[in-house]
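Close look at the chain arrangement
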Amino acid sequence: MSAQRPVPSSEGRRIVICDYNALLLSLTGLLRMSRYCVFQAHDGLAAKELCRQLPEISLLILNTYGTGIDLGTLIRDAREAKPGLPVLHIGSSIPEGMPADVPTLDEAFTPDQLLMTVGALMERRLIPRSLPSTTGVS
């Protein structure tokens, strides 16, 4: 019988995803397969609560639709609970009121683009505000 490889710890790799649609369900699966510990929030209020209650949240991912509250308010409240929390927005455009340090990943992203962006944010590396789409159209 072969020895099992230890599963890497998810410590420092905890992500809250706000919304519950097919796009975010698929990225939840991709992130979990990449050994991230992912918590899903069905709306903005649940995301804020998760950010307040869970230790060591490393990233908040959200999209333009389905949060149920203003994105700027959600980000501000989440960062009140977790100062300096990196945030990734997934959408077709940058919403009004989005903080300048929150990058937007086009909804037509590739798995590699998502994983590179998440890795950069979790390592606190600076990334462009608007990330290129896979279609070449911004």
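Refer to the structure above for everything that follows.
Residues numbered from 1 in each chain as written. Predicted model: local features only at pLDDT ≥ 70, side-chain atom pairs only at ≥ 80, totals over all residues. Heavy atoms only, no water.

Let us look at the overall build of the protein chain. From N to C terminus, the protein chain includes four helices and five strands. Reading the protein chain from its N terminus to its C terminus gives the helix and strand order β-α-β-α-β-α-β-β-α. Evaluated residue by residue, the protein chain yields a buried proportion of 46% over its 138 residues. Carbon together with sulfur atoms contributes 55% to the accessible area of the protein chain, which is approximately 7,600 Å² in total. (Helix = DSSP H or I, 4+ residues; strand = E, 2+ residues; numbered from the N terminus. Buried < 20%, exposed > 50% of the residue type's maximum accessible area, 1.4 Å probe, protein only. Areas by Shrake-Rupley, 256 points an atom, 1.4 Å probe, with all protein chains shown as cover.)

Another point: helix α3 (residues 71–81). Within the sequence span of α3, burial applies to Leu71, Gly72, Leu74, Ile75, Asp77, Ala78 and Arg79. Considering only its buried residues, α3 is in contact with β1 (14–18), α2 (44–53), β3 (57–63) and β4 (87–90). Put simply, Asp70 is the residue that caps the front of α3, since its side-chain oxygen is 3.1 Å from the backbone nitrogen of Gly72. (Contact = heavy atoms within 4.5 Å. Polar contact = N/O pair within 3.5 Å; in protein donor to acceptor, adjacent residues only side chain to side chain.)

What follows concerns the nonpolar core. In terms of nonpolar packing, the biggest core is built from 19 residues, with Val16, Ala47, Leu60 and Leu62 touching the most fellow members. The set of elements that each furnish at least two residues to this core consists of β1, α2, β3 and α3. Not counting residues up to four positions away in its chain, the partners in contact with Leu62 are Cys18, Leu71, Leu74, Ile75, Val87, Leu88, His89 and Ile90. Membership of the second largest hydrophobic core comes to 18 residues, among which are Leu27, Leu88, Phe109 and Val118. (Core = buried A, V, L, I, M, F, W, Y, C linked by side-chain atoms within 4.5 Å.)

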